[in-house]
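Chain by chain, the residues run as shown.
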Amino acid sequence: MQKGIAIAGSLIVDYVKYINSYPAPQALTTISAMDRSVGGLACNCGLALAKLDPSLPVKIIGIVGHDEAGEYIMSQFMEHKNIDVTHVLRQGSTSYTDVMSELGTGRRTFFTYNGANSLLAPEHFDFISIGADILHIGYILLLDALDAPDPDYPTAMCRVLDAAQKAGILTSVDVVSEEGERFRELVPPALKYVDFCCINEYEASRTTGIPLRGAGGEVLVENLPEACRMLMDIGVRRWVVLHMPEMACGLVRGGEYVQTPSWKIPDGFIKSSVGAGDAFASAVLYGAYHGWPLERAIHVAGAVAACSLSGAGASDAIKPLPELLDEMGRLQ
């Protein structure tokens with residue numbers, strides 16, 4: 001592969017507020033500090049990939065507004081010579097998210113404004129001019145126009161993914177951890193047009209109906225292979241990968257199930273877990289792009305996700321992969 005990776009979908013500014021604990025309704029908590037960073041799949045994965053390998057062509061597809069938040073997003077992309085923003089349109093109001101991040105635990109709660117992200121539609125994808133080897137797009141459940149029904153497909157997202165595959169581009173999707181029944185309505189149809197699926201255990205459980213955590217919050221390890229197989233049976237063509245704080249696992253079509261523990265990190269290392277899943281997915285995509293075995297891709301992805309926890313934003317702490325692996329290895 002040599003055309004690079006296209007990252008499409010949510011372009012967001014995250015306003016992160018650090019709090020001691022999340023308050024009950026009508027109660028109050030104190031904001032100890034604030035950070036601003038870019039967020040959303042296209043920002044998180046695009047910047048992570050650009051930092052992991054400055055020689056990798058990264059192409060961004062999405063929409064931001066003609067406003068200060070849009071300028072901030074574009075400025076972050078322009079700091080990297082290997083990021084192509086030709087396919088970022090300027091329209092509407094830039095999407096943003098208020099992130100409440102609990103100090104110590106890194107647990108976070110999101111309040112998002114969809115804004116310009118809701119405008120991204122099939123007509124914004126010209127795969128002849130994009131010319132990537134892999135397309136990673138998301139988040140399903142948060143892109144209004146792409147989540148909408150299509151005359152010829154279950155959703156407009158399915159139309160985009162099918163067009164990409166017909167253009168010879170491998171496809172990957174991600175979803176958001178939303179409550180409700182829309183997982184069953186929107187995610188399985190899209191997986192029929194996907195080569196790589198990398199999601200967390202909550203999203204996998206909502207999609208398949210298989211419980212992956214017990215009543216006490218423990219991972220139901222014995223159910224993970226079944227969930228991977230069901231996602232593959234739904235339609236994923238190459239890799240299924242599930243990630244969670246404790247471990248990660250995956251399945252190659254026609255191959256064996258693999259499972260690896262998460263990387264160990266010292267106390268006080270976590271600043272925020274915002275976007276850690278996107279950091280993980282970025283490394284999985286990087287491994288797929290370079291033809292790595294799935295087990296190696298998952299192992300490296302765990303290191304990248306762990307490293308991301310030390311930054312305020314998803315990609316703030318990311319650095320070139322050899323340097324990152326060396327630093328994370330010294331923490332073990």
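Before reading on, note that the structure itself is shown above.
Caption draft 1: Local environment of the sheet that holds strand S6 (residues 95-102). Sheet architecture is open: four strands sit in the order S3-S2-S6-S7, paired in mixed fashion. Pairing within the sheet leaves two strands with one partner each, and these edge strands are strand S3 (31-39) and strand S7 (108-113). Put simply, the sheet's adjacent strands are angled 20° from each other on average, direction ignored. By the bridge criterion, eight bridges tie strand S2 (residues 12-19) to S6 in an arrangement that is parallel.

Caption draft 2: Layout of the sheet that holds strand S11 (residues 239-243). Judged by pairing direction, the sheet is mixed, and its nine strands sit side by side in the order S5-S4-S1-S8-S9-S10-S11-S12-S13 without closing on themselves. The sheet is open, and its two edges are formed by strand S5 (83-90) and strand S13 (257-261), each paired on a single side. Taken over all neighbouring pairs, the strand axes of this sheet differ in orientation by 15° on average, direction set aside. Of the strands in this sheet, strand S1 (5-9), strand S4 (58-64), S5, strand S8 (134-140) and strand S9 (170-175) are in contact with helix H1 (residues 41-52), which crosses S1 at around 160°.

Caption draft 3: Examining the side chain of His243 more closely. For His243, the location among the structural elements is in strand S11. A relative accessible area of 12% places His243 in the buried class. Those residues within four positions of His243 in sequence are excluded, and the remaining contacts are Cys198, Ile199, Asn200, Glu201, Ala248, Gly277 and Phe280.

Caption draft 4: Layout of the packing of aromatic side chains. Inspection of every chain in the model, using the stated rule, returns seven aromatic pairs. Measuring from centroid to centroid gives 6.3 Å for Phe183 and Tyr202, while their planes differ by 80°, and the two rings are edge-to-face. A residue pair is termed long-range when its members are at least 10 positions apart, and Phe183 in helix H6 (residues 182-191) and Tyr202 in helix H7 (residues 201-208) qualify at 19 residues. Judged by its relative accessible area of 2%, Phe183 is buried. For Tyr202, a relative accessible area of 27% puts it in the partly exposed group. Chaining the aromatic ring pairs together yields one cluster made of Tyr15, Tyr96 and Tyr113. Looking at Arg36, its charged tip hangs above the ring of Tyr72, at a distance of 3.7 Å from the centre. Cation over ring: Arg296 sits above Trp292, and NZ or CZ is 4.0 Å from the ring centre.

About the criteria used
- Residues numbered from 1 in each chain as written.
- Predicted model: local features only at pLDDT ≥ 70, side-chain atom pairs only at ≥ 80, totals over all residues.
- Heavy atoms only, no water.
- Pairing = 2+ DSSP bridges.
- Helix = DSSP H or I, 4+ residues; strand = E, 2+ residues; numbered from the N terminus.
- Axes fitted to C-alpha atoms, helices over the stretch in contact; angles between N-to-C directions.
- Contact = heavy atoms within 4.5 Å.
- Buried < 20%, exposed > 50% of the residue type's maximum accessible area, 1.4 Å probe, protein only.
- Phe/Tyr/Trp six-rings, centres within 6.5 Å; stacked < 30°, edge-to-face > 60°.
- Lys NZ or Arg CZ within 6 Å of the ring centre and 35° of its normal.

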